[in-house]
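A closer look at the structure
Each chain, letter by letter, is given below.
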Amino acid sequence: MIDRLKVRVAYQRGFQVVDGSTILQSFDNKEDAFKFVHARGARVWLRWDRTVIGGQTVPYDFDAKFLQDSVGRIKKELHGPSAGTWFWSSFEGGARGSTETRDEAVACVERAYTRYVIKADWR
């Protein structure tokens, strides 16, 4: 089973879901593309960059982006009783938590953002 799929802007209009260089399907809007990914038990693959504050990169701190929008963040706790764990937050929808590894934190943000876009948890 595919764990992560990329959603990108299609040439001239809409969005495409891709696995590597293979276009799986095209959609008129972002929400439908995210629903396609979620229906396959996958999450949207976000772009991860180092967090920059005041022109300086922050150690063990990463920013998640979808297209140009910042949508989440993960950072390793360096001090205190939670030292060594990874805090994660999805800016849209407010989901957050902590995990033992960076890969788990990445998965949590990507899963939470995917679910937010398709309104999976809305009542």
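The model shown is predicted, which means the values in this text are computed figures rather than measured ones.

The rules behind these values
- Residue positions are counted from 1 within each chain, in the order its sequence is given.
- In view of the model being predicted, local features appear only for residues whose pLDDT reaches at least 70, and side-chain atom pairs are presented and counted only at 80 or more, with totals across whole chains, interfaces and linings using the full set of residues.
- Values reported for side chains reflect all heavy atoms of the structure, with hydrogen atoms and water molecules removed beforehand.
- A pair of Phe, Tyr and Trp rings is counted when the ring centres sit within 6.5 Å of each other, with Trp represented by its six-membered ring. The angle between the planes then sorts it: under 30 degrees is stacked, over 60 is edge-to-face, the rest tilted.
- In this description a helix means any DSSP run of H or I spanning at least four residues, a strand means any run of E spanning at least two, and both kinds are numbered starting from the N terminus.
- Using a 1.4 Å probe on the protein chains alone, a residue whose accessible area is under 20% of its type maximum counts as buried, one over 50% counts as exposed, and one in between counts as partly exposed.
- Placement of a charge over a ring requires the Lys NZ or Arg CZ to be within 6 Å of the ring centre, with the centre-to-atom vector within 35 degrees of the ring normal.
- The pairing criterion is simple: DSSP has to find at least two bridges between the two strands.
- A fitted line through C-alpha atoms represents every axis, and for helices the fit uses only the stretch in contact; the resulting angles, taken between N-to-C directions, go from 0 to 180 degrees.
- Roughly parallel covers angles under 35 degrees, roughly antiparallel covers those over 145, roughly perpendicular covers 65 to 115, and oblique covers all other angles.
- Crossing handedness: left-handed means the near helix sits turned counterclockwise from the far one by under a right angle, and right-handed means the same turn made clockwise.
- Any two residues whose heavy atoms approach within 4.5 Å are treated as being in contact.

What follows deals with the packing of aromatic side chains. Given two aromatic rings, one states the distance between the centres and the angle between the planes to describe the pair. Scanning the entire structure with this criterion turns up 5 aromatic pairs. When the ring of phenylalanine 34 is compared with that of phenylalanine 66, the centres are 5.2 Å apart and the planes differ by 80 degrees; the resulting orientation is edge-to-face. Taken together, the residues phenylalanine 34 in helix α1 (residues 30–39) and phenylalanine 66 in strand β6 (residues 56–66) connect sequence positions 32 residues apart. The same class applies to phenylalanine 34 and to phenylalanine 66, which are both buried. The cationic tip of arginine 40 hangs over the ring face of phenylalanine 36; the distance from NZ or CZ to the ring centre is 3.5 Å.

Another aspect to go through is the pairing of strand β2 (residues 15–19). The buried fraction of β2 amounts to 4 of the 5 residues, a majority that puts the element mostly inside the structure. Judged from the 4 bridges that link them, strand β1 (residues 4–9) and β2 form a sheet pairing that is antiparallel. Directly across from arginine 8, in β2, lies its bridge partner glutamine 16. What sits between the antiparallel neighbours β1 and β2 is a turn of 5 residues, in which glutamine 12 has the positive phi angle 75 degrees. Sheet topology places β2 next to strand β3 (residues 22–27); 5 bridges connect them, and they run antiparallel. Bridging from a neighbouring strand, valine 18 pairs with isoleucine 23 of β3. Between the end of β2 and the start of β3, which pair antiparallel, lie 2 residues, with glycine 20 showing a positive phi angle near 70 degrees.

What follows covers the sheet that holds β2. Read from one edge of the open sheet, 4 strands run β3-β2-β1-β4, paired in mixed fashion. Where the open sheet ends on each side, the last strands, each with one partner, are β3 and β4 (43–44). With 2 bridges joining them, β1 and β4 adopt parallel strand pairing. Each residue of the ladder has a partner; that of arginine 4, found in β4, is arginine 43.

Take the packing of α1 against helix α2 (residues 102–117) next. Running from N to C, α1 and α2 point in directions that differ by 125 degrees, and their axes come no closer than 9 Å. By the angle between their directions, the pair α1 and α2 is classed as oblique. Helix-helix and strand crossings are classified by hand; for α1 and α2 the assignment is left-handed. Taking contact as the criterion, the partners of Lys30, Glu31, Phe34 and His38 in α1 are, on α2, Tyr113, Thr114, Arg115 and Val117.

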